[in-house]
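Single-letter residue listing:
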Amino acid sequence: MHKLSSLVAGEWTEHSHLPVYEREDHSPEYERLVAGMPAQGSKPFAHLVRLLAPPYFLLYVLHTPRGEAEPGRYQSPAISGDRFETFIGEFGDYLAADARFDIWVHSPQDRATIVWDRHGVLFGYGPIARFAAALETLGFSEGRPSIPSPHVHHYRAEYDAQAKRMIDEFEWVFSELRPEDEQ
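Residues numbered from 1 in each chain as written. Predicted model: local features only at pLDDT ≥ 70, side-chain atom pairs only at ≥ 80, totals over all residues. Heavy atoms only, no water.

Caption draft 1: Here's a closer look at empty space enclosed by the protein. Overall, the coordinates contain one cavity of 30 Å³ or more when judged by the stated rule. Of the volumes computed, that of the largest cavity is approximately 40 Å³. What lines the largest cavity is H2, K3, M37, P38, G41, A96, W116 and G120. Residue composition of the lining of the largest cavity, grouped by class: four nonpolar, three polar and one charged. (1 Å grid on protein atoms, 1.4 Å probe; cavity = no way out; pocket = protein on both sides within 12 Å on 5 of 7 lines; lining within 4 Å. Points joined across faces, edges and corners; volume = space filled by probe spheres on them. Nonpolar A, V, L, I, M, F, W, Y, C, P; charged D, E, K, R; others polar.)

As structure tokens, this is what we get:
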């Protein structure tokens, strides 16, 4: 399962991004890597996070809940690398298949952030050359990821219980959605 479907020959078909990434260099202080997430589950996301030094802070931006919690930004306490592995092992399928949220992982030590958004796109801020090299080990190549148009997001009922367990997983610090978070 994937977060998006696109219209192909008149039928809605699950969308899998090509394994491509692009470096965006808008200015010296604003560089990022943008990558499409192919049908590999959470593997590319977790692979990039593992490049960063723990502790990590998660930001779960819940913009389209299905009853598990209020819409908002949920920030985790600092978590260890082992705790991240447990988290991704338990929730990786949900993260890969549902579009009700965006998830961010930040490493203060590396001053780096990985974002996996509702469109199945990864954004890497920080050591982008290291991110690019790591993605290439997974079969990615340089190219421009694109979001299909038209497309639909999937908010899957079969993940409602897992979404609720994820909210219960940490003592999240809650804040309201920002305008750019809302759909």
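Further notes follow.
Caption draft 2: Quick look at the nonpolar core. F45, Y60, F84, F87, L95, I103 and M166 are the most contacted members of the largest nonpolar core, which has 44 residues in total. At the level of secondary structure, the elements contributing two or more residues to this core comprise β4 (30-36), α1 (43-49), β5 (57-62), α2 (81-97), β7 (101-107), β8 (112-116), α3 (128-137) and α4 (160-169). Here this core gets eight residues from one element, more than from any other, and that element is α2. Residues within four places of F84 in sequence aside, it is in contact with F45, A46, V49, Y56, L58, I79 and V105. (Core = buried A, V, L, I, M, F, W, Y, C linked by side-chain atoms within 4.5 Å. Buried < 20%, exposed > 50% of the residue type's maximum accessible area, 1.4 Å probe, protein only. Helix = DSSP H or I, 4+ residues; strand = E, 2+ residues; numbered from the N terminus. Contact = heavy atoms within 4.5 Å.)

Caption draft 3: Quick peek at the pairing of β7. Extensive coverage of β7 is indicated by the burial of five of its seven residues. Summarising the sheet, β5 and β7 pair through six bridges and their orientation is antiparallel. Among the inter-strand pairings, V61 is bridged to a residue of β7, identified as D102. (Pairing = 2+ DSSP bridges.)

Caption draft 4: Quick peek at the packing of α2 against α4. Contact geometry for α2 and α4: axes closest at 10 Å, N-to-C directions at 155°. Between α2 and α4, the interaxial angle falls into the category roughly antiparallel. In the crossing of α2 with α4, the sense of the turn from one axis to the other is left-handed. Of α4, the residues touching α2 (which contributes R83, F87, E90, F91, Y94 and L95) are Q162, A163, R165, M166 and E169. Of the residues that constitute the contact of α2 with α4, the class distribution is six nonpolar, one polar and four charged. (Axes fitted to C-alpha atoms, helices over the stretch in contact; angles between N-to-C directions. Parallel < 35°, antiparallel > 145°, perpendicular 65-115°, else oblique. Left-handed = near helix turned anticlockwise from the far one by under 90°.)

Caption draft 5: Region of the structure containing α4. For α4, the set of buried residues is Q162, A163, M166 and I167. Each buried residue of α4 sits inside an arc of 145° when the element is viewed along its axis, so together they form one side. Opposite the buried face of α4, at more than 90 degrees from it, the exposed residues are A161 and D168. Here the buried face of α4 lies against β5, β6 (72-75), α2 and β7. (Arc of directions from axis to C-beta.)

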